[in-house]
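Survey of secondary and tertiary structure
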Amino acid sequence: MTMAMSIAQFTFFSRATSSSFLNRTNARFNRFTFSTPFSTADATCTRKKNGRLPVLSALELGGVKIARDDVVRDDPTNNVPDSIFSKLGMQLHKRNQHPIGILKNAIYEYFDANYSNKFDKFDDLCPLVSVKQNFDDVLVPADHISRSYNDTYYVDSQTVLRCHTSAHQAELLRDGHTHFLVTGDVYRRDSIDSTHYPVFHQMEGFRVFSPEEWEASGLDGTSYAAGDLKKCLEGLARHLFGAVEMRWIDAYFPFTNPSFELEIYFQEKWMEVLGCGVTEQEILRNNGQLDSVAWAFGLGLERLAMVLFDIPDIRLFWSNDERFTSQVQLIDNFTNKKGMTSHCYRIAYRSMECSLTDEEINELQRKVREQVETKLNVELR
Ligand code: DAH
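Residues numbered from 1 in each chain as written. Predicted model: local features only at pLDDT ≥ 70, side-chain atom pairs only at ≥ 80, totals over all residues. Heavy atoms only, no water.

So the rule is basically this: UniProt positions are given in the numbering used here, feature names are shortened, and annotations may be inferred rather than shown by experiment.
An unreviewed UniProt entry lists the chain under the name phenylalanine--tRNA ligase, from Linum tenue. A UniProt comment under Sequence similarities (unreviewed entry) is attached to the chain, and it reads "Belongs to the class-II aminoacyl-tRNA synthetase family." Checking UniProt for the chain, the heading Subcellular location (unreviewed entry) contains the comment "Mitochondrion matrix".

**Let's talk about the pairing of strand β9 (residues 199-209)**
For clarity, the cut-off: Buried, partly exposed and exposed residues are distinguished by accessible area as a fraction of the type maximum, computed with a 1.4 Å probe on protein chains only: under 20%, between the cut-offs, and over 50%, respectively. Secondary structure elements follow DSSP: runs of H or I no shorter than four residues count as helices, runs of E no shorter than two count as strands, and numbering proceeds from the N terminus. One requirement defines pairing of two strands: DSSP has to find at least two bridges between them.
With eleven of eleven residues buried, β9 lies mostly within the body of the structure. Alternating positions in β9 separate into two faces, Val199, His201, Met203, Gly205, Arg207 and Phe209 on one and Phe200, Gln202, Glu204, Phe206 and Val208 on the other, with burial throughout. Two strands pair when backbone bridges link them, and strand β8 (residues 179-187) and β9 are joined in this way by nine bridges, in the antiparallel orientation. Along β9, the bridge assignment pairs Tyr187 with Val199. In this sheet, strand β13 (residues 293-300) lies alongside β9 in antiparallel orientation, the contact comprising eight bridges. Note that in β13 the partner of Gln202 across the bridge is Gly300.

**Quick look at the packing of aromatic side chains**
How two aromatic rings sit relative to each other is set out by the distance from centre to centre and by the angle between their planes. Under the convention used in this document: In summary, the pairing rule links any two rings of Phe, Tyr or Trp, Trp by its six-membered ring, whose centres are within 6.5 Å, and it sorts them by plane angle into stacked for under 30 degrees, edge-to-face for over 60 and tilted for everything else. Remark: a charge is flagged as sitting over a ring if the NZ atom of Lys or the CZ atom of Arg is within 6 Å of the ring centre and within 35 degrees of the ring normal.
Within the structure shown, the criterion is met by 15 aromatic pairs. Seen from their ring centres, Phe241 and Phe266 are 5.0 Å apart, and the 70° between their planes marks the pair as edge-to-face. Pair noted here: Phe241 is in helix α8 (residues 221-241) and Phe266 is in strand β11 (residues 256-266), with a separation of 25 residues, a long-range link. The burial state of Phe241 is the same as that of Phe266; both residues are buried. Members of the aromatic cluster, each reached through a chain of ring pairs, are Tyr110, Phe111, Tyr115, Phe119, Trp295 and Phe297. Cation over ring: Lys230 sits above Phe260, and NZ or CZ is 4.1 Å from the ring centre. Over the aromatic face of Trp270 sits the side chain of Arg247, whose NZ or CZ is 4.2 Å from the ring centroid.

In structure tokens form, the structure reads like this:
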């Protein structure tokens, strides 16, 4: 397989503007660079001769030291392969130039701006959790399919790789947190294709209300929390996607009642954005919140990033090639005496499929310049 890339640079002047996250990121993490078809061969990793990726033997996650042999064991209660162990230390959500990290930061930005930094943020909690944390604490029934060895990675009969970030709700409540966001890698046994991968990333949100907060409203606690939840998430969807049409669908989750899914109408389709609801009282009571109500939501970052950045294949998130993960670099930044700021960006144009011709790159560059000019209201140089 041939692979080619080319580098282009351009500079523009900017004044302060306000625009949705989508408008801004289209320029920063350009969609054109991702719209090339994906090839099943992974051209970007350094592979060993036997075709397997080298596996690190130990890592530290959220302060916990983890050795390969703790996670991958020849034991009937263990079903974690090396290919999954090798993903444990990757932490794509902590890379600020990676689409998953960019999206995480855009969601943080929304919560910081609207709740004056009240939400505590966690993105380094260890993905190895107990069966109790992953399932029992969030009231997943004993016979629920998600507990099966077929669906979940078991390290031993009592320890799993978390299959959702909801696994951390109970411990954070017990630690006294009332407003929090938890971002992390989650693991589900699944076959791989362009939209499924056994590791992906979620963000969990949680907000607790005390009785004074809803009593003044004349509503009961559950209705108050449900109303607040919907307002908050509609605002988040607008922050990410701009002025989109939205709808609420009734749903079921073991940990919330009532439960909902938010869908947005985007690129001519209804798309599910997240699951959420009013937290079951039992979870609050079991974790030291006796008279409170709370809401929670969980969203999958890959699915949203694929739409926002036009990434055609979920496997591309795992590319190690810096030319893919940091395609746009700010190489010069100055403000002149008149208060105009000049930014010079270097963009790596690259196809996973073939060598790009000068004409193709010029056309991509022309489109980037056109979008940057119209969407960011800047003067090109
Ligand atoms: N844990 C759910 C999942 O992985 C997502 C979710 C739904 C999280 C509703 C929540 C929630 O906190 O309230 O599919």
